[in-house]
Every structure is written in structure tokens, then in C-alpha cells.
Amino acid sequence: MKEKILDKFAEIFGDNEGAKAYFAPGRVNLIGEHTDYNGGHVFPCALTIGTYGVARKRTDNKLRFYSMNFEKLGVIESSLDDLKPEKEAEWTNYPKGVIWAFGEKGMQVPCGMDLLLNGNIPNGSGLSSSASVEVLTGFILKDFFGFDVSNQDLALIGQYAENNFNQVNCGIMDQFAIAMGKKDQAIFLDTATLEYEYAPIRLQNSKIVIACSNKKRGLGDSKYNERRSECETALEELKQAVTIESLGELDEETFEKVKGVIESEVRMRRAKHAVYENRRTIRAVKALSDNDVEQFGKLMNESHVSLRDDYEVTGIELDTLVEEAWKVDGVIGSRMTGAGFGGCTVSIVKDEAIDTFIEQVGKVYEKKIGYAADFYVVEIGDGPCVL
């Protein structure tokens, strides 16, 4: 891949003299969905698929961007003198946002750059292609200009850029999982405190299989912000009955006692998901450390049911993929992953069942939905690096 992207860089930008190649992973969240902005726990891991980039400093303030995933858009130009989000800037709003965020944090980028990207994460799949681009950009800036930032800082800067430049109210999970990724380990992260630990993923003759629904979605225009505000309102209502700063502080028993103060049945279900999902995540990580993969799978299944019924972020595409997965012998657990409304499911499948799983689920999905899903047997990889 390194040679391929360096050659393409030379083709687009004249030569590749002085250019460097980089990689940042995508991520999948194994359990703990829509808990990250509710002060709960998440359990994501970085993948070996992600975003490859080639970058080179310029002597002026020009920014020139090119993506091999959106070749029709050609080279999109911008400038350090005029960093603002623009619809016509398309995907380049993500790297621009990070350059802007560095400046906001007192780290002015001193010169422009040429940047070419090639991602092998399916676009709009919910495997965090945008966060991958953000972390990659931050990593390049750190490497080019010697900014004194840790990988954890890169995650926070990426989130800051997405919240304040691109106006998507995302939590910290995606950028954190990508920046802090470690081979064969998932990250058990408390999003309220940013305390985390690595947990080895031992799946005993099973693999993680991602099914991409190929239903495109954009976080900003989905109901993501709506769900977030429903939870915030529910939290304010709950504060009348209990002293908490986030839904993640409640256990199921306390929630059941005080939920009556939430004035809307819809908001009550949203808050219930946040509370129960957080507890499920804590139990799931313990199950994995006890080598109880079956229990981990059961909790994944329960997570999907809660996302479908209480949080209502699944939709027919994701429900079809998961419900068909549950019918296949050798599937230990399956659930939607990411924000929902399209995107992907994540399943743990026994090695001998993988082919059957892909064939059976794929066949029913295409017949019911009218187009095919894509399947990826994935491995857990490291965070960003120079190639």
C-alpha cells in the first residue's frame, strides 16, 4: 500500500520528493453503544483497516487535499488563512478541522501541506472513517512540526474539531480507540474520567466479523444529536431525585426507583438504554477476562435489543443483519455497532461457521433489502504510525 499511495501522490502532486506515508486505523466498538456521551463505559478496538495518507510540507499557506476514495472530486484546495467549514469542501472539512483545532489549542501550523488519503474503511459504514482521518491528520501535524502532544491529546483534539468545526456532537470513543489502539487488545474506557485499561481479546477459535449494511448515513444529519439531547433532558429530570452528573453513574436498581421523574416515556427509554448498556459493558469486560466468550456474546445480543427497542437507532437493515446472524449455528453474539441508522454490525463467529454465516446472512439480506451487504473478517491492530 505504501508504494501505491506514494506513486499516486507523485501522479497528483508532480513528484513525491520529501513526502512521508502514514496510517491510522478504523475502529469497531464491541459493546457500549451511545454510552460515551452519557458518561458511561465503552469497549472499542482499533482495526487493521483504516486510512493511509501521504503528506508533504509546502512553502506557502496552501492546503491541497486529494482522496483516492473520492477521485471525482479531484484536488480540493484551501488555505491556512481561511479555515472554516464549507459544504463544498466535502471530506476535507475533517483534516481542516484538526488544523484549526491545533491553532485553537495554541499550536499554529506554520505552513501548508499537500495531503493524499486512501482509506480501506467502507465510507459511511460507522467504522469511524472521519475519526480515522482526524487522528491521522493530528499525527501528521505532530510528526511534521514537533508539537508536544500525546496520542491521548490527539484523540481529544480530534473530538474538539468534530464538535466545534464540523458541528457533530460526538463523544470521545472513536478518536480515543483509534489514537490509543493496541494489537489484539480492546480498550475498556470510562468516558467520564478517561481512565482506561487494555483488555486482551481471546476469542478461542472465533473471529470478529463486520457486516456493512451499505446503507449510507451521516452522523451530523442523523438523529444522533436528537438522541443526545433526549438523554441530556432525562438527566436534568433525574437530578431532581438523585445526585448525579451523568447517566453512567446510575445502576439499574437505582434507575428503576427514580425513573418516574422523567416526564416522557420516550426519554425514559433513552435513559434506560444508557444506564443498562453501561452496566452491560462492565459485565461484558469481566466475562471476557473470565474467558467466558459465550456470556460476552449474550450481552452483545442484549445490547442490540436495547438499541432497537429503547434507543431506536437500528432500522430494518441492521435488524435484518443481526436477526439473521442469531439464526446461524456458531454465532456467539451479534449487534449493531456505531451510531446506527445504517452502518455496520459486529459479530463473534466460530471459525468453522464464518463461511456459512456470510453466505446465509448475505443471501437473506440481499433478498429482503434489495442490495448486498459486505462482510469483513477483521483483526485488532495498533494506533497511528509512520509507514
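Structural notes, computed from the coordinates.

1. Thoughts on the overall build of the protein
What the protein contains, in helices and strands, is 11 helices and 13 strands. By the compact-globule yardstick of 21 Å for 387 residues, the protein fits well, its C-alpha radius of gyration being 21 Å. Relative to its 387 residues, the protein shows a buried fraction of 59%. Of the roughly 15,600 Å² of accessible surface on the protein, 45% is carried by carbon and sulfur atoms. Both charge centroids of the protein, one from 45 positive and one from 62 negative side chains, sit 2 Å from each other.

2. What about the sheet that holds strand β7 (residues 185-190)?
Two modes of strand pairing occur in sheets, parallel and antiparallel, and in both the strands are linked by backbone hydrogen bonds. Pairing in this open sheet of 3 strands is antiparallel, and the strands run β2-β7-β8 from one edge to the other. Two strands lie at the open edges of the sheet, namely β2 (41-42) and β8 (195-200), each paired on one side alone.

3. A short note on the packing of aromatic side chains
Two aromatic rings are characterised by how far apart their centres lie and by the angle between their planes. A complete count under the given rule lists 17 aromatic pairs for this structure. Consider the rings of F9 and F13, whose centres lie 4.8 Å apart with planes at 50°: the pair is tilted. Taken together, the residues F9 and F13, both in helix α1 (residues 2-13) and 4 residues apart, mark about one turn of the helix. Judged by centre distance (6.4 Å) and plane angle (80°), the ring pair of F43 and F188 falls under edge-to-face. In this pair, F43 sits in the loop between β2 and β3 (44-57) while F188 sits in strand β7, placing the two residues 145 residues apart along the sequence. Residue F43 is classed as buried on the basis of its relative accessible area, which comes to 0%. Owing to a relative accessible area of 13%, F188 belongs among the buried residues under this scheme. Cluster of aromatic residues (ring-pair linked, three or more members): Y22, F102, F139, F144, F145 and F147. The ring of Y276 has K272 sitting right over it, with the charged end atom 5.2 Å from the ring centre.

4. A look at the state of the cysteines
Covalent bonding between the sulfur atoms of two cysteines is what defines a disulfide. As enumerated under the stated definition, the model contains 0 disulfides in all. Free cysteine: C212, not disulfide-bonded; nearest cysteine sulfur from C344 at 4.0 Å. Using a relative accessible area of 2% as the deciding quantity, one classes C212 as buried. With no disulfide partner, C385 has as its closest neighbouring cysteine sulfur the one in C45, 17 Å distant.

5. With respect to the environment of G381
Within the secondary structure layout, G381 lies in the loop between β12 (374-378) and β13 (385-386). Given the relative accessible area of 5%, G381 is considered buried. Taking the C-alpha atoms as reference points, G381 and K182, separated by 199 residues in sequence, lie 5.8 Å from one another.

6. Here's the deal with the nonpolar core
Counting residues in hydrophobic clusters, the biggest one holds 46 residues, and the most contacted among them are F102, M113, I140, L141, F147 and F176. Looking at this core, the elements with two or more residues in it are β1 (20-29), β4 (62-67), α2 (93-104), β6 (113-119), α3 (129-145), α4 (151-164), α5 (173-179) and β7. In terms of residues, this core owes the most to one element, α3, which gives 9 residues. Contacts of L141, omitting those with residues within four sequence positions, involve V98, I99, F102, V109, M113, G146 and F147. Listed in part, the 30 residues of the second largest apolar core include A284, V293, V346 and I348.

7. Focus on the sheet that holds β4
Pairing is mixed in the open sheet, where 6 strands are placed in the order β5-β4-β6-β3-β1-β13. Of all strands in the sheet, those bounded by a partner on one side alone are β5 (76-79) and β13. Pairing of β3 with β6 involves 7 bridges; the strand directions are antiparallel. Bridge pairing in β6 places A55 opposite L115.

8. So, the environment of P25
Within the element layout of this structure, P25 appears in strand β1. Sequence spacing of P25 and C385 is 360 residues, and the spatial spacing of their C-alpha atoms is 9.3 Å. When near neighbours in sequence (up to four residues on either side) are disregarded, P25 contacts A46, L47, I49, G50, S132, I178, D382, G383 and P384.

9. With respect to the packing of helix α10 (residues 315-326) against helix α11 (residues 354-369)
Running from amino to carboxyl end, α10 crosses α11 at an angle of 145°, the nearest separation of the two axes being 9 Å. Like other packed secondary-structure pairs, α10 and α11 cross with a definite hand, here right-handed. Every residue of α11 that contacts α10 at I316, E317, T320, L321, E324 and A325 is listed here: F357, V361, V364, Y365, K368 and I369.

Rules used throughout
Residues numbered from 1 in each chain as written. Predicted model: local features only at pLDDT ≥ 70, side-chain atom pairs only at ≥ 80, totals over all residues. Heavy atoms only, no water. Helix = DSSP H or I, 4+ residues; strand = E, 2+ residues; numbered from the N terminus. Rg over C-alpha atoms; globule rule 2.2 N^0.38 Å. Buried < 20%, exposed > 50% of the residue type's maximum accessible area, 1.4 Å probe, protein only. Areas by Shrake-Rupley, 256 points an atom, 1.4 Å probe, with all protein chains shown as cover. Lys, Arg positive; Asp, Glu negative; His and termini not counted. Charge placed at Lys NZ, Arg CZ, Asp CG, Glu CD. Pairing = 2+ DSSP bridges. Phe/Tyr/Trp six-rings, centres within 6.5 Å; stacked < 30°, edge-to-face > 60°. Lys NZ or Arg CZ within 6 Å of the ring centre and 35° of its normal. Disulfide = S-S within 2.5 Å. Core = buried A, V, L, I, M, F, W, Y, C linked by side-chain atoms within 4.5 Å. Contact = heavy atoms within 4.5 Å. Axes fitted to C-alpha atoms, helices over the stretch in contact; angles between N-to-C directions. Left-handed = near helix turned anticlockwise from the far one by under 90°.

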